[in-house]
Amino acid sequence: MKLGKGTLLRQDIPTDSPTPTAEPSVNPNREPEASPTTNGGGAIATVSPLLKEEVSELIQQKQLITDALPDVIAEYKGSTEKDLEASILPSDEDLKPANILASLVIDKNGKFQQAIIITIEPAALRSQANIYEQALNQIFAQESFLAAHNQDGSKPDLSNLYIRLKIKSINSP
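The following paragraphs examine the structure supplied in this document.

Attention shifts here to the overall build of the protein chain. Along its length, the protein chain carries two helices and seven strands. Scored against the burial criterion, the 173 residues of the protein chain give a buried share of 30%. Put simply, 73% of the contacts in the protein chain that link residues at least 6 apart link residues at least 24 apart. Accessible area for the protein chain stands at about 12,200 Å²; split by element, carbon and sulfur atoms hold 52% of it.

Okay, structure coming up:
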């Protein structure tokens, strides 16, 4: 097989050919570029702290196993709507819509220590609970809490603040 002979490109093309003076593609009506938060998803989590009565009920139903509750449980002072940007997720995976019962471990100074997922629905997401747990740790790391305390003024070193979290995708209708 023999290839045809190549032809050299012309060398005599003037390099100072007239160029259009219009600015390159500046369109004042252009759509704003997508911000990172709207880029490829993310989700919104609605945080609902459980009241002490609900926690006691769950303990009686054996859904929660805990030591004695302090007289006044820790209190969440942050926003009940949290944006879960894709950037805080430990993987590229979007968080799927879920209902979560979690314990936030709060120290006696009202500082967040860690999130522990107790239940996650739908059950298919149980294998990904660690991803959700990492996301919760990111969300609550900078939040403020009131530490739990007893009537006598003592504060447990660590206490659990039980919350329900409803996660829904931003892109879903």
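A word on unusual backbone geometry. A cis amide bond links Glu-121 with the next residue in sequence, Pro-122, at an omega value of -5°. If you trace the backbone, Pro-122 turns up in the loop between β5 (112-121) and α2 (129-140).

The pairing of strand β4 (residues 98-107) with β5 spans eight bridges and is antiparallel. Among the inter-strand pairings, Leu-101 is bridged to a residue of β5, identified as Thr-119. The loop that links β4 with its antiparallel partner β5 comprises four residues; one of these, Gly-110, has a positive phi angle of about 80°.

The rules we used
- Think of each chain on its own: its residues are numbered from 1, step by step along the sequence as written.
- Local features in a predicted model are, by the rule used here, given only for residues with pLDDT of at least 70; side-chain atom pairs are given and counted only at 80 or more, and totals for whole chains, interfaces and linings are based on all residues.
- Note: side-chain values were computed over all heavy atoms of the structure, leaving out hydrogens and water.
- Elements are defined by DSSP. Helices are runs of H or I of four residues or more, strands are runs of E of two residues or more, and each kind is numbered from the N terminus.
- When accessible area is computed with a 1.4 Å probe and restricted to protein chains, residues below 20% of their type maximum are described as buried, those above 50% as exposed, and intermediate ones as partly exposed.
- When checking whether two residues touch, look at their non-hydrogen atoms; a contact exists if any pair is within 4.5 Å.
- Where accessible areas are quoted, they stem from the Shrake-Rupley method and a 1.4 Å probe; at the residue level, only the protein chains shown are allowed to cover.
- Note on pairing: DSSP must find at least two bridges between two strands before they are called paired.

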